[in-house]
Structure formats: structure tokens, C-alpha cells
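# Survey of secondary and tertiary structure
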Amino acid sequence: MNWRTLPPLSALRAFAAFAETRNIVAAGETLGVSHAAISQQMRALERHLDVALLDRSGRRLELTASGIRLAQALRIGFAGMIDVVEEITGQVEARPIHISVTPTFAASWLMPRLPKFREICPNVDLMIDPSPHLVELGTNGIDIAIRYGSGPWPGTETEMLLQSPMVVVAAPSLVGTEPIDDLNQLAEYPWLEEIGTSESTRWFRRFGVSGVAKGLMQVPGNLMLDGARDGQGIAVTVHEFVARDIAAGRLRVLHTEMTPLAGYHIVTRLGVMRKSVKSFVTWLRREAQDASLAPSPLS
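Heads up: these notes are all about the structure in this document. Given the structure is predicted, the values throughout are model-derived calculations rather than measurements. (Residues numbered from 1 in each chain as written. Predicted model: local features only at pLDDT ≥ 70, side-chain atom pairs only at ≥ 80, totals over all residues. Heavy atoms only, no water.)

### Considerations on the sheet that holds strand β10 (residues 234-238)
Going by this rule: Strand pairing follows a simple DSSP-based rule, namely that at least 2 bridges must link the two strands. For helices the rule is a DSSP run of H or I covering at least 4 residues; for strands it is a run of E covering at least 2, with both sets numbered from the N terminus onward. Axis angles are defined between N-to-C directions and span 0 to 180 degrees, where every axis is a line fitted to C-alpha atoms and, for a helix, only to the segment in contact.
Spatially, 5 strands are ordered β9-β8-β10-β7-β11 in an open sheet, and the strand pairing comes out mixed. Of all strands in the sheet, those bounded by a partner on one side alone are β9 (216-219) and β11 (252-257). With strand direction ignored, the average angle separating the axes of adjacent strands in the sheet is 30 degrees. Where strand β7 (residues 166-170) lies against β10, 4 bridges are found, and the strand directions are antiparallel. Bridging from a neighbouring strand, V167 pairs with T237 of β10.

Right, here's the structure in full:
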């Protein structure tokens, strides 16, 4: 390895901070320096490499193709360095477990069960990050992501946590109790959708249904299900989250989408998990298994 060809670490840190925040001021705040210092370091990095890493032709700075490649490498490299430093200094186990989940999963499945984990591991701190956006593990120290789909996701360890199909549901007070054979009829009703997602739009596109005639309202995930129960709109969600509502007659299933292996997965970084993360993953598996063995709400 030719160490002399490597740029200064300060320049790499400045570029990595900008690549993560996509904002010079925010990058400076991350590193505790001025935005002018960030700009200076990034220009010095480009001069050292003799490669354009930033596209300055528009109103906003954007990464070039070379900049994207370097940013990806630095993200992995710095994340690994931080992990090792925390491990050898004993800080790794003291760090909270950072968990990325969708708001709906957090409100409907995870939060009601967390008191059990607190009883088992009272000294383990948790940081729940509810977001509908797909995040890269290692970014901002995220240890675990709970993702819905068929998986796997490249560069990660993936295992099924909860297998459950997507369903289209609505309150009988909104759509009545008569069978709906033509899916295009559903476009005549208002729809609810979790902020940051496009489940309804994708569903319309997949099944050739025309657009919503009476409007689409985007709300946080937990409010989406509350609104559906109150008859404020039709919603697309995971069957597991509304099974009891369906059994009680508060909601009715209008359509079920059966996708092989679709469900929520535990997604972790490649490599050995720290002890606290491993304990949390083990607990997640046990909770999902207990839920699958519990009597069905339809029984």
C-alpha cells in the first residue's frame, strides 16, 4: 500500500461529512468547523486527486460519479474505523442500539412489545428511528433496520422476522359490507397513505386502477390506521397490523396481495454483531415466534 498517495485525513473527513449531509453548513456543524473550512478542504482534496468530485454547475453542489464512488468507500471505511475504536476502548457496548423502522411497524408491532425487552435487558439503551425511507446501515451508526419486502438486500445480513401479506382495508362505515368485485370501484373512495411512502400509488399502477377520485391524504403511519378505522379512507397496510381490527369487524379486507416471502426482515451489517445488538435480535426472533404461535384473532 502506497501511503504517500492518500490525501490528508482532514480533507477526507470534510468530504465524507458533505457527502452524508449534502450541505456545506451542515457538514461544518458535524465536524465543528466553519463551512469555509469544509469548502477549502474539499477543493484541496480535488487538487490532490486531480479529479472533480463535485459538480458546481447548478444551484446546489452535487457529487460527480467519482465523488459518489469515493463517498461510498469512505462511508464504509469510516464506519469500520469507528466500530474498531469503540470496541478497543470499551465504548461499543455503551452505545445505544440504533434501530431504523417504519413508523407503522414501530407503532403497531415494536413499541407494544418493548417493555418485555426492557425487563430482560434493563441496562441496554435503545434509539428508535421511525422513518419510511430506506437507510444504509452504518450511516449515522444504525445497527439494525426492519425492512418490508422480499429481500435480500446487498451487503447485509437478512432474515425473515414476520411474514405477512399486504392488504387493502377500509371500515364498513365507508365502503359498506357488499362484495367489491371491480377494483376500479375503490378509486371512488378517499384513500389514506403513510407520509413518505407511495403504497397506494404503486397499488393503483400494479392493478390498473385509475387515480383516486376523492383525494389522497398522507399522514403518519399510526394515524393512517386510526383514520382507516374511523372510516376516513382506504389504506394499504400489512395484514398483521390490522388482524384484530378485521376479526372485530372494524375493518374489512378489500384485496390481499400475496407475494412470496414478503414480510418484515431483520437487516444487519455483515460481520460479528456486538453483544447488545445480538441480544436484541434474539429477542426479536423470540417475539415473532411467540406471535406466530399465539391463537389467531379469527379463532
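### Some remarks on the environment of L49
We apply this condition: Note on classification: 1.4 Å probe, protein chains only; a residue is buried when its accessible area is under 20% of the maximum for its type, exposed when over 50%, partly exposed between these limits. Here a residue-residue contact requires only that any non-hydrogen atoms of the pair lie within 4.5 Å.
On the secondary structure map, L49 appears in helix α3 (residues 35-49). A relative accessible area of 32% places L49 in the partly exposed class. L49 sits 42 residues away from P7 along the chain, and the two C-alpha atoms are 7.5 Å apart. Ignoring sequence-local partners within four residues, the contact set of L49 consists of P7 and L70.

### Some words on helix α2 (residues 24-31)
So the rule is basically this: It is the directions from the helix axis to the C-beta atoms whose arc is reported. For the purposes of these results, a polar contact is taken to be a pair of N or O atoms within 3.5 Å, where, inside protein, one atom must be able to donate a hydrogen and its partner to accept one; residues adjacent in sequence count only when each atom of the pair is a side-chain atom.
For α2, every residue scored as buried is listed here: I24, A27 and G28. Mapping the buried residues of α2 onto a view down its axis gives an arc of 100 degrees, with all of them on the same face. Those residues of α2 that are exposed and angled more than 90 degrees off the buried face are E29 and T30. Looking at the buried residues of α2, the elements they touch are α1 (9-21) and α3. Backbone nitrogen of V25 and a side-chain oxygen of the N-cap are separated by 2.9 Å at the start of α2; the cap is N23. Taken from the residues just after α2, G32 is the one with a positive phi, measuring 75 degrees.

### What about the side chain of S164?
Note that S164 resides in the loop between β6 (156-163) and β7. Separated by 3.0 Å, the side chain of S164 and the backbone nitrogen of E240 make a polar contact. Sequence-distant contacts of S164, that is, excluding residues within four places in its chain, are made with Y148, V238, H239, E240, A262 and G263.

### Points about the environment of T5
Within the element layout of this structure, T5 appears in the segment before α1. Taking the C-alpha atoms as reference points, T5 and L49, 44 residues apart in sequence, are found 8.7 Å from one another.

### Some remarks on the environment of A17
Inspection of the secondary structure assignment puts A17 in helix α1. For A17, a relative accessible area of 8% translates into the label buried. On a C-alpha basis, the gap between A17 and A71 in space is 9.2 Å, while along the polypeptide they are 54 residues apart.

### Side note on helix α9 (residues 239-248)
Taken as a whole, α9 has its buried residues at F241, V242, A243, D245 and I246. At the C-terminal side of α9, G249 shows a positive phi close to 85 degrees.

### Some details on the pairing of strand β4 (residues 126-130)
Each regular strand carries side chains that alternate between the two faces of the sheet. Our working definition: Whether a crossover is right-handed depends on one test, that the path from the first strand over the helix to the second runs clockwise when the strands point away from the viewer.
Sheet analysis places strand β3 (residues 97-101) next to β4, joined by 5 bridges and oriented parallel. Its bridge partner being in β4, I99 is matched across the sheet by I128. What joins β3 to β4 is helix α5 (residues 103-120), and the crossover it makes is right-handed.

### Examining the pattern of salt bridges
Worth spelling out the cut-off: Whenever a carboxyl oxygen of Asp or Glu lies within 4 Å of a side-chain nitrogen of Lys or Arg, that contact is scored as a salt bridge.
A full pass over the atoms with the stated rule returns 9 salt bridges. With its nearest N and O atoms 3.6 Å apart, the salt bridge here joins E287 to R113. A residue pair is termed long-range when its members are at least 10 positions apart, and E287 in helix α10 (residues 275-293) and R113 in helix α5 qualify at 174 residues. Note on accessibility: E287 and R113 belong to one class, buried. Here R229 and D226 are joined by a salt bridge, their closest N and O atoms 2.8 Å apart. Of this pair, R229 and D226 both sit in helix α8 (residues 221-229), separated by 3 residues, roughly a single helical turn. Judged by relative accessible area, which is 27%, R229 ranks as partly exposed. The class of D226 is partly exposed, set by a relative accessible area of 37%. Look at the salt bridges and you will find they share partners, linking D226, R229, D245 and R250 into a network.

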